Amino acid sequence: MTAAPPKGWCPGALRPMISGDGYLVRLRITGGMVSASAARAIARCAQDFGNGLLDLSARANLQMRGVTEATLPVLVETLQANGLVDESPEAEAVRNVIASPLAGLAPDAAFDIRGSVYALEQRLVSDATLHDLPSKFGFAIDDGGGLSLSGVSADIRFLALHDGAPRFEVRLADGDEAAVIEAAALPDVAGALARAFFEEARQCDLPPRRMAKLVATRGAEGIWRAAGFSPARRGAPLGSSPQPLGLNSLGACNWLGLGFAFGRVSAQSLAWLADKAEHHGSGELRLTPWRAILLPGVDASGAEKIISQASADVIADPSDARLAVIACSGHPSCASATTLTQQDALALAPLARSLAPSGVTLHVSGCAKGCARPAPARVTLVARDGLYDLISAGRASDAPMLQNLDLNACRTALRSMASPEGIHP
Ligand code: SF4
């Protein structure tokens, strides 16, 4: 095991990151697919070796918090014994692949993409020339079903096509130019485009670390050319994130989606979900990039029982005000934060919901880095010296419209923004 990662690296299990509440140990879960027994093992580890809290990441991974110097070695040994850790830090870091959460189950999918997900991960792990990809450089494989990944950030995006043959449309980041490939070629194409990324990035004075930035800097044409092919069509516009909560039914496929404020799941809740998945569902949990866990195979009566027994941290109602806010871990979990971001976000959640009936309207960030949400939000509060700066329709790094707000002043500002007159700096 190596020491804590250099700046800019994403944490893994073999290269954990130190934060304000101890080591952050992220498990990269292939396709977000977790068996009930694996979920119970992860919950036990979080309880025994961490502080009993886990985060569901925006890449559909699980991260344990509060792991100490003393508990880290035995945690890694236990994870290894359960087959939950890669062989090297490089392998776990490069396996940055997100897949449709209902892969292999959704009847509205173009085809079962699980083989492509395994094949791509295998290629990324075995091809050492790809191990220098920037830590956040990620791939998305979308099965073309209703739970679309088109609102999820990706550097190289594959979308399964409903055209009768197993084929994918390939796109660079959010670009609309697309190539069409056979499904079997996906690992080769991903590798070629990743190497083209390196090649083109090297031509820049400040090599970009994400595909979108490289495309903006040098254009997409050279990247396609360096990869050995060219886009043949325009892809459909990318959409927003779907709403996966509650009981859903799609042909023969039922699932119950349960959310968690800020994606924070207690070890008890994870173990409880594992039991429910076994008793009422298919025995599997599917992690999503939308701060929710899906239990496939749960019918209406099972869903009713699960929801009635759920603890307060489990969200089954899509209109729950807690889903209107997003916040990073804040103080004391992160040394850069000076406020209790999640506590403050929950206090403001009803007002945030009054800004819009659905979606995230308020982002509370512990600093201008804005880890919890790189994209703009209707309102962003950024902590500075224990108070907040307010940004309207922007990112955490944008110029604030109001400054030095305490929680009450934030409430007043949000109320004004929800009123027809709005707010003026
Ligand atoms: S946004 Fe700032 S305070 Fe929040 S987790 Fe990231 S670095 Fe820490």
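Everything numeric in this text was worked out from a predicted model, so none of it was measured. (Residues numbered from 1 in each chain as written. Predicted model: local features only at pLDDT ≥ 70, side-chain atom pairs only at ≥ 80, totals over all residues. Heavy atoms only, no water.)

**Q** I tried to follow the overall build of the protein chain on my own but got confused; where do I start?
**A** Counting its regular elements, the protein chain contains 11 helices and 22 strands. By its C-alpha atoms, the protein chain is 55 × 50 × 45 Å across when sized along the principal axes. Within the span of the protein chain, comprising 425 residues, buried residues form 53% of the whole. Sequence separation of 24 or more characterises 60% of the internal contacts of the protein chain that already satisfy a separation of 6 or more. Element-wise, carbon and sulfur atoms account for 53% of the exposed surface of the protein chain, whose accessible area totals about 17,700 Å². Mean positive and mean negative side-chain charge positions of the protein chain (38 and 42 charges, respectively) differ by 3 Å. (Helix = DSSP H or I, 4+ residues; strand = E, 2+ residues; numbered from the N terminus. Buried < 20%, exposed > 50% of the residue type's maximum accessible area, 1.4 Å probe, protein only. Contact = heavy atoms within 4.5 Å. Areas by Shrake-Rupley, 256 points an atom, 1.4 Å probe, with all protein chains shown as cover. Lys, Arg positive; Asp, Glu negative; His and termini not counted. Charge placed at Lys NZ, Arg CZ, Asp CG, Glu CD.)

**Q** It is not clear to me how the domain arrangement of the protein chain should be interpreted in this structure. Could you clarify?
**A** In terms of domain boundaries, the protein chain breaks down into domain 1 (110-143 + 153-234) and domain 2 (322-418). One C-alpha centre belongs to domain 1, the other to domain 2; they are set 34 Å apart. (Domains from an automatic or database assignment.)

**Q** What exactly am I supposed to notice about the packing of aromatic side chains here?
**A** This structure, assessed with the given rule, holds six aromatic pairs. Where phenylalanine 111 meets phenylalanine 168, the ring centres are 5.2 Å apart and the plane angle is 70°; that geometry is what we call edge-to-face. Of the two residues, phenylalanine 111 sits in the loop between β6 (97-99) and α4 (114-126) while phenylalanine 168 sits in strand β9 (residues 167-172), which places them 57 residues apart along the sequence. Take phenylalanine 111 and phenylalanine 168: they sit in the same class, and that class is buried. (Phe/Tyr/Trp six-rings, centres within 6.5 Å; stacked < 30°, edge-to-face > 60°.)

**Q** How do you make sense of the sheet that holds strand β14 (residues 264-266) when you look at a structure like this?
**A** Across a sheet, paired strands are connected by hydrogen bonds in the backbone, their directions being either parallel or antiparallel. Read from one edge to the other, the open sheet built from five strands follows the order β1-β2-β5-β4-β14, with strand pairing classed as antiparallel. Edge positions in the sheet fall to β1 (17-19) and β14, since each of these pairs with one other strand and no more. Here the strands of the sheet are splayed against their neighbours by 35° on average, with no regard to which way each runs. Most of the contacts of helix α2 (residues 72-81) go to strand β2 (residues 22-27), to which it runs at about 10°, and overall it touches β2 and β5 (62-67). (Pairing = 2+ DSSP bridges. Axes fitted to C-alpha atoms, helices over the stretch in contact; angles between N-to-C directions.)

**Q** Would you mind showing me how to read the sheet that holds strand β7 (residues 139-142) here?
**A** The strand order β6-β7-β8-β9-β10-β11 describes an open sheet built from six strands, whose pairing is mixed. Edge strands, defined here as strands with exactly one partner in the open sheet, are β6 and β11 (233-234). When β7 meets strand β8 (residues 156-160), the two strands line up parallel, connected through four bridges. Bridging from a neighbouring strand, aspartate 142 pairs with leucine 159 of β8.

**Q** I'm lost on the nonpolar core in this one. Help?
**A** For soluble globular proteins, nonpolar side chains are generally found buried alongside one another. Membership of the largest hydrophobic core comes to 59 residues, with the highest contact counts inside it found for Ile42, Met64, Leu79, Leu270, Leu285 and Leu295. Of all the elements, helix α1 (residues 36-49) adds the most residues to this core, at eight residues. Leave out the neighbours within four places in its chain, and leucine 270 touches Ala39, Ile42, Ala43, Leu54, Leu62, Val265, Leu285 and Ile293. (Core = buried A, V, L, I, M, F, W, Y, C linked by side-chain atoms within 4.5 Å.)

**Q** Help me understand the pairing of β2 in this model?
**A** Each regular strand shows side chains that alternate between the opposite faces of the sheet. Most of β2 is tucked away: six of the six residues are buried. In this structure, β1 lies alongside β2, joined through three bridges in antiparallel fashion. What sits directly across from methionine 17, in β2, is leucine 24. Direction of pairing for β2 relative to β5: antiparallel, over a ladder of four bridges. Counterpart to leucine 27 in the pairing with β5 is leucine 62.

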